[in-house]
Amino acid sequence: MTINMLPLDFNRLPPEEQSARSRQFLEQMQTRRTVRQFARDPVPFELIENAVAVASTAPSGANQQPWSFVVVKNAEIKRQIREAAEAEERENYTWRMPQEWVNTLAPLNTDWHKPHLEDAPYLIIVFSQTYGLNPDGSKRKHYYVTESVGIAVGMLLTSLHLAGLATLTHTPSPMGFLTEILHRPENERPFVLIPVGYPAPEAVVPDIKKKSVSDVITVVE
Ligand code: IYR
């Protein structure tokens, strides 16, 4: 199959506008925090839909777009997800996680209680498609699935933050219960579970810092 090539639609910006936009975006992103206490207030669905649309613009291996976004608003399904996640996390915190992991997590003050899974008005569960299905039912190999879905999730979190919403990047472990509760097909694996909403008025966040640019960048000239 050959694909038609089109001229690129690309608008070069004046340098001052480039720096202004880049600085403004940096300042906005520096205010993003992972939130673990959510208000029960509703969120306009349009914000969720737009964020999924943003994530869908992500680059992906061979443009295979190996992702699905399941948006849960239903209170009973959220309850089932909370119950299953807490059962797994209780095992994790009581014996499954090695001491080194427990020690690393200690400053974050997390435990097996996950009330945010019911408080947040939406849960977005991102699934990665380990392979694709052709119209005749045969399997199609997918490439760079983890990289592609990881990039899409980054864009999803960014979009939700810029829309004035709070998120938690949550990976209950193991996550197989999400496949069952949400009746997902054989080719999908749970990738991440993202509660979305407004922070609870009493929400607190750990006093932790990001590395500075000089700590993470190496310039090769
Ligand atoms: N999945 C557990 C533990 C946990 C692990 C990491 I790495 C974190 O950054 C935070 C939590 C939980 O959700 O509590």
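Residues numbered from 1 in each chain as written. Predicted model: local features only at pLDDT ≥ 70, side-chain atom pairs only at ≥ 80, totals over all residues. Heavy atoms only, no water.

K.L.:
Give a detailed account of the pattern of salt bridges, specifying residues and quantitative values.
P.N.:
Two side chains bearing opposite charge may form a pair once their charged atoms approach each other closely. Tallied over the full model, the rule gives 9 salt bridges. For Arg82, the salt bridge is made with Glu86, and the minimal N-O distance between the two is 3.0 Å. Here the residue Arg82 and the residue Glu86 both occupy positions in helix α3 (residues 75–96), the gap between them amounting to 4 residues, near one helical turn. Arg82 gets classed as partly exposed once you look at its relative accessible area, which sits at 21%. A salt bridge links Arg96 to Glu88; its shortest N-O distance comes to 2.7 Å. Given the relative accessible area of 21%, Glu88 is considered partly exposed. Each member of the salt-bridge network shares a partner with another, and the members are Glu76, Arg79 and Glu83. (Salt bridge = Lys/Arg side-chain N within 4 Å of Asp/Glu carboxyl O. Helix = DSSP H or I, 4+ residues; strand = E, 2+ residues; numbered from the N terminus. Buried < 20%, exposed > 50% of the residue type's maximum accessible area, 1.4 Å probe, protein only.)

K.L.:
Tell me about the site of the ligand, residues and numbers included.
P.N.:
Arg36, Glu89, Tyr93, Trp101, Leu105, Leu108, Asp111, Lys114, His170 and Thr171 make up every residue found near the ligand. Contact distances for the ligand include 3.0 Å between a nitrogen atom and a side-chain N or O atom of Glu89. Backbone polar atom of Thr171 to a nitrogen atom of the ligand: 3.4 Å apart, as the coordinates give it. In isolation the ligand has 380 Å² of accessible area, and contact with the protein removes 71% of it. Put simply, the parts of the chain that give the shell around the ligand at least two residues each are α3 and α4 (99–105). Within the shell around the ligand, the residues separate by chemical class into 4 nonpolar, 2 polar and 4 charged. (Near = heavy atom within 4 Å. Polar contact = N/O pair within 3.5 Å; in protein donor to acceptor, adjacent residues only side chain to side chain. Areas by Shrake-Rupley, 256 points an atom, 1.4 Å probe, with all protein chains shown as cover. Nonpolar A, V, L, I, M, F, W, Y, C, P; charged D, E, K, R; others polar.)

K.L.:
Tell me about the environment of Asn92, and please be specific about residues and values.
P.N.:
Within the fold, Asn92 resides in helix α3. Of the residues examined, Asn92 reaches a relative accessible area of 7% and is grouped as buried. When the C-alpha positions of Asn92 and Ser173 are compared, they lie 7.8 Å apart, and in sequence the two are 81 residues distant. When neighbours within four sequence positions are excluded, Asn92 is seen to be in contact with Met97 and Ser173. At a separation of 2.8 Å, a polar atom in the side chain of Asn92 contacts the side chain of Arg96. (Contact = heavy atoms within 4.5 Å.)

K.L.:
For helix α6 (residues 145–162), give the residues involved together with the corresponding values.
P.N.:
Relative to the 26 Å expected for 18 residues at 1.5 Å per residue, α6 spans 26 Å between its end C-alpha atoms, a close match to the ideal helical length. Taken residue by residue, α6 has Val145, Ser148, Val149, Ala152, Val153, Leu156, Leu157, Ser159, Leu160 and His161 as its buried positions. Buried residues along α6 sit against α1 (15–29), α2 (45–55), β1 (67–72), β2 (122–129), β5 (166–167) and β6 (188–197). Looking one or two places after α6, you find Gly164, whose phi comes out positive at around 85°. (Expected span 1.5 Å × (residues − 1).)

K.L.:
I'd love a proper account of the packing of aromatic side chains, names of residues and values included.
P.N.:
If you walk through the whole model with that rule in mind, you get 1 aromatic pair. Ring centres of Phe45 and Tyr122 lie 6.1 Å apart, and the angle between their planes is 50°; this geometry places the pair in the tilted category. Of this pair, Phe45 sits in helix α2 while Tyr122 sits in strand β2, placing them 77 residues apart in sequence. With a relative accessible area of 5%, Tyr122 lands in the buried category. The positively charged end of Arg90 is found above the aromatic ring belonging to Trp112, 3.9 Å away from the centroid. In this structure, Lys139 is placed above the aromatic ring of Tyr131, and the distance from its NZ or CZ to the ring centre is 4.7 Å. (Phe/Tyr/Trp six-rings, centres within 6.5 Å; stacked < 30°, edge-to-face > 60°. Lys NZ or Arg CZ within 6 Å of the ring centre and 35° of its normal.)

K.L.:
Which residues make up the packing of α2 against α6, and what values do they have?
P.N.:
Interaxial distance between α2 and α6 falls to 8 Å at its minimum, and their mutual angle equals 145°. For the crossing formed where α2 meets α6, the hand is right-handed. Of α6, the residues touching α2 (which contributes Leu47, Ile48, Asn50, Ala51, Val52, Val54 and Ala55) are Ala152, Met155, Leu156, Ser159 and Leu160. (Axes fitted to C-alpha atoms, helices over the stretch in contact; angles between N-to-C directions. Left-handed = near helix turned anticlockwise from the far one by under 90°.)

K.L.:
Break down the sheet that holds β5 for me, with residues and values.
P.N.:
The strand order β1-β2-β6-β5 describes an open sheet built from 4 strands, whose pairing is antiparallel. The open sheet is flanked by β1 and β5, the only strands paired with a single partner. Where β2 lies against β6, 8 bridges are found, and the strand directions are antiparallel. From the neighbouring strand, Leu123 faces β6, where its bridge partner is Pro195. Sheet strands touched by α6: β1, β2, β5 and β6. Its angle to β6, the strand with the most contacts, is close to 10°. (Pairing = 2+ DSSP bridges.)

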